[in-house]
Each structure stands twice: as C-alpha cells, then as structure tokens.
Amino acid sequence: MLGRMHKARNWTRWATLGLLGGLLLGCGPKAESEASGEVLSPVEFGQAYMTVLQQARPDLQVEAAGELQVRIVDREGTPSLVPLDGLYAQYQAAPAQKDAQIVQNITSTLDTLGIGLGPVEVERIVPVVKGRAWLEAMRERAAQAGTTFPDFAQHDFNDELVVLYAEDREHTIRYLSKADVAALELEAGGLYEQALANLRARYPQVRQSGGNGTYSLLTDGSFDASLVLYDSIWSSGRLPVKGEPVVAIPTRDTLVVTGSEDAAGIERLKELVVDAWTRSEDRLTPLLFVYRDGKFETFAAPSGPEETAE
C-alpha cells in the first residue's frame, strides 16, 4: 500500500511541476533587467514569483507583503506568509536556473502549507522537537506581517521544548494543525505515541559516534534532535557517561551527549553549541538539558548565543 501511495504522490508532484513549467514558458514579457541579461532586482524577482504562482493557482489570493515576501490567502481565507530571501539568494548564485528554482519552491511551498493536498497519512506522522522561544518568535513575526500563525498541534515536552507533528512527505515536511489532527479521530494521547512509533520504525537502530565521554547520536540528519524522545536510550544506561546524561541539540541534525559530572565534556558541549549557532541556519536551542527522574530538564546555557527563530 505504501508503494502505491508513493507512486500517486510522484505523479501529482510531477504533474504540478509540469503545469508550472508550462506556465513559465508563457508567463508574459520578461522584466527589463532580465531581458538585458542583468540579475533581477528583489522586487522584480518577487513579481516573477507571484506571476507564476497566480497563474498556477488562480483560486489563491497572492500579493506582495514586502520586498521579498509574498502573502498567500487560501480559499478558506487563511493567510500565509512566504519569505523569498533564501530563494532569491539561490537565484543570485545561479541566475540561469531561475525558472527551475521558482517551480521547485512553489511546489514545496504549496505542499508545506497543505494547499490542495489530500488527507494526512497517519503512518507518515513524525515528532519534531522545537523550542518554545522559536514558536513565540514566529508568532510575533506573523503578527507583524499581518498573517495568522498556524495553530499547530503540539505536545509539551518540558519548560523549554515542545513537540510538533509533521507529515514527512516525499517532497517536503507538512506540519499539522489542530484541525488536521482532529480530522484523524485519534484517541486522546494517541498522536504522540503514533508519531514516536513511526519514528522508531524508521530509525530502529540509532548510530553512535565519538569517545572520551562525549558522543553524537545520529539518524540521517533529518530527525537527530528528536532522539531526545527515545526514552529507552536515556533510561537504559547504555551510554558510558559520567553522571546523568546531558545533551545539546543546537540544530535539528545535532544531538551530542556527555555526563553531568564530566566538566570537560560539558565544556565541549557548550563550545559545540556556540559553533553550531554561528555556522547553521537551522537553529533549535542553545540550552543544554539533563536527563533526570525520567525526563529532560534545563541544565545550562553556554555564554554567547541567544535563542532566535530560524
């Protein structure tokens, strides 16, 4: 059954890409700068993006919400803000790939927003760890932009972290709203257990690397931070650390653990967080957490980075 669903999604994806590609071929006169071989300005690029999106989905309201921001309003009147900063940077690096870049981004954006998608597939729901500070910062950004922040379904993990639920689709990740979850008609508390079971089924064997009392736990880079939810790792005593397990999860693809009584290990974790905060754009939290009495609680924060929404 899963294979058949994969094929159906592939067909839908490529049909969408084909439609958008066709629209790009006939989307009207080029901007003056593009016609002369120059790189489009942010405003011109945003207009090109909106033109393709509007022709592909005339049922959506599309308008500029800033120099490199687009506001989309779906048929139910729900607004969403789409930042184009990253896409524009990709375009500047490879202007000849503009059409393909726009097609790919629009396809991914509509997929992520759940616009025009079918029902959620329960077996694809996975838990994603996020910081509460990230949620609050994103709410503030949405309010400043005049858009509604999605009412995400979430599970309280501790005072600093929450678990969001995402349908891990072939092309992108779709975060679930409370309305999405309600439509699934799962029993109370069933969503968290189902999502965790799905993640365990994907990564039954967690890879471990490192030494000298400090170790990295790995999946495939997509859900490493979510390994904090694997209670069996932390309660089993399988990790040879001094004292209670202390973890750093500065980004979604980083989970490093040492012991609460290992001063050198704690310093290594703090340095790792500062370095990750400098290098990565996919930040999660700069805090360290200790596994104590069957749960993770805040342990310490390294000096330097501050939590921001990324």
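Data block above holds the structure.
Conventions used here
Residues numbered from 1 in each chain as written. Predicted model: local features only at pLDDT ≥ 70, side-chain atom pairs only at ≥ 80, totals over all residues. Heavy atoms only, no water. Helix = DSSP H or I, 4+ residues; strand = E, 2+ residues; numbered from the N terminus. Expected span 1.5 Å × (residues − 1). Buried < 20%, exposed > 50% of the residue type's maximum accessible area, 1.4 Å probe, protein only. Pairing = 2+ DSSP bridges. Contact = heavy atoms within 4.5 Å. Core = buried A, V, L, I, M, F, W, Y, C linked by side-chain atoms within 4.5 Å. Polar contact = N/O pair within 3.5 Å; in protein donor to acceptor, adjacent residues only side chain to side chain. Phe/Tyr/Trp six-rings, centres within 6.5 Å; stacked < 30°, edge-to-face > 60°. Axes fitted to C-alpha atoms, helices over the stretch in contact; angles between N-to-C directions. Parallel < 35°, antiparallel > 145°, perpendicular 65-115°, else oblique. Left-handed = near helix turned anticlockwise from the far one by under 90°. Nonpolar A, V, L, I, M, F, W, Y, C, P; charged D, E, K, R; others polar.

(A) Structural context of helix 5 (residues 98-113). End to end, helix 5 covers 22 Å across 16 residues, agreeing with the expected 22 Å (1.5 Å per residue, within 8%). Of the positions making up helix 5, those classed as buried are Lys 98, Gln 101, Ile 102, Val 103, Asn 105, Ile 106, Thr 107, Thr 109, Leu 110 and Asp 111.

(B) Summary view of the pairing of strand 8 (residues 207-211). Judged from the 5 bridges that link them, strand 8 and strand 9 (residues 214-218) form a sheet pairing that is antiparallel. The residue bridging Gln 208 from the neighbouring strand is Leu 217, located in strand 9. In sequence, strand 8 turns back onto strand 9 through a hairpin of 2 residues, with Asn 212 there showing a positive phi of about 55 degrees.

(C) Structural detail: helix 10 (residues 263-279). For helix 10, with 17 residues, the first-to-last C-alpha span of 25 Å sits near the 24 Å given by 1.5 Å per residue. Along its buried surface, helix 10 packs onto strand 9, strand 10 (245-248), strand 11 (256-259), strand 12 (288-292) and strand 13 (295-300).

(D) Spatial organisation of the nonpolar core. In terms of nonpolar packing, the biggest core is built from 42 residues, with Tyr 165, Trp 234 and Ile 249 touching the most fellow members. Those elements that place two or more of their residues in this core are strand 4 (125-131), strand 6 (161-168), helix 7 (178-184), helix 8 (190-202), strand 9, helix 9 (231-235) and strand 12. Formed by 20 residues, the second largest nonpolar core is a distinct cluster that contains Leu 40, Met 50, Tyr 88 and Tyr 91.

(E) The arrangement of the side chain of Asn 198 in detail. Mapped onto the secondary structure, Asn 198 falls in helix 8. Polar contacts involving the side chain of Asn 198 include one to the main-chain carbonyl oxygen of Glu 123, which spans 3.5 Å. Among the polar contacts listed, one links the side chain of Asn 198 to the backbone oxygen of Ile 125, at a separation of 2.8 Å. In this structure Asn 198 touches Val 122, Glu 123, Arg 124 and Ile 125, once residues within four positions along its chain are discounted.

(F) Region of the structure containing the packing of aromatic side chains. A full pass over the atoms with the stated rule returns 8 aromatic pairs. Ring geometry for Trp 234 and Phe 296: centres 5.2 Å apart, planes at 85 degrees, overall edge-to-face. Placement of the pair is Trp 234 in helix 9 and Phe 296 in strand 13, with a sequence separation of 62 residues. For the pair Trp 234 and Phe 296, one class covers both residues: buried. Linked through ring pairs, Phe 157, Trp 234, Tyr 291 and Phe 296 together constitute an aromatic cluster.

(G) Representation of the sheet that holds strand 2 (residues 69-73) in the model. Strand order in the open sheet formed by 3 strands is 1-2-3, and the pairing between neighbours is antiparallel. What marks the edges here is a single partner per strand, and that holds for strand 1 (61-66) and strand 3 (79-83). For this sheet, the mean inter-axis angle between neighbouring strands, taken without regard to orientation, is 30 degrees. As defined by bridge partners, strand 2 adjoins strand 3 across 5 bridges and the pair is classed as antiparallel. Following the sheet pairing, Gln 69 is matched in strand 3 by Pro 83.

(H) Quick peek at the packing of helix 3 (residues 42-56) against helix 5. Their axes nearest at 10 Å, the elements helix 3 and helix 5 cross at an angle of 60 degrees. As summarised for this structure, helix 3 and helix 5 are arranged oblique, according to the angle between their axes. By crossing handedness, the relation of helix 3 to helix 5 is classed as right-handed. Each of Phe 45, Ala 48, Tyr 49, Val 52 and Leu 53 in helix 3 lies in contact with helix 5, whose residues at this interface are Lys 98, Ile 102, Asn 105, Ile 106, Thr 109 and Leu 110. Tallied by class, the residues present in the contact of helix 3 with helix 5 amount to 8 nonpolar, 2 polar and 1 charged.

(I) The environment of Gln 101, seen in detail. Within the secondary structure, Gln 101 sits in helix 5. When the C-alpha atoms of Gln 101 and Leu 87 are compared, they prove to be 7.3 Å apart, with 14 residues separating the residues in sequence. Setting aside its immediate chain neighbours within four residues, Gln 101 contacts Leu 87, Gln 90, Tyr 91 and Ala 94. Polar side-chain contacts of Gln 101 include one of 3.4 Å to the backbone oxygen of Ala 94.

(J) Spatial organisation of the environment of Glu 136. Within the element layout of this structure, Glu 136 appears in helix 6 (residues 132-145). For Glu 136, a relative accessible area of 44% puts it in the partly exposed group. Between the C-alpha atom of Glu 136 and that of Phe 149, which follows or precedes it by 13 residues, the distance is 10.0 Å.

(K) Molecular detail of the packing of helix 4 (residues 85-93) against helix 5. One can describe the packing of helix 4 onto helix 5 by two numbers: an axis separation of 9 Å at closest approach and a directional angle of 160 degrees. Relative to helix 5, helix 4 is oriented roughly antiparallel. The way helix 4 lies across helix 5 gives a crossing that is right-handed. On helix 5, the residues that touch Leu 87, Gln 90 and Tyr 91 of helix 4 are Lys 98, Gln 101 and Asn 105. Looking at the contact of helix 4 with helix 5 residue by residue, the classes come out as 2 nonpolar, 3 polar and 1 charged.

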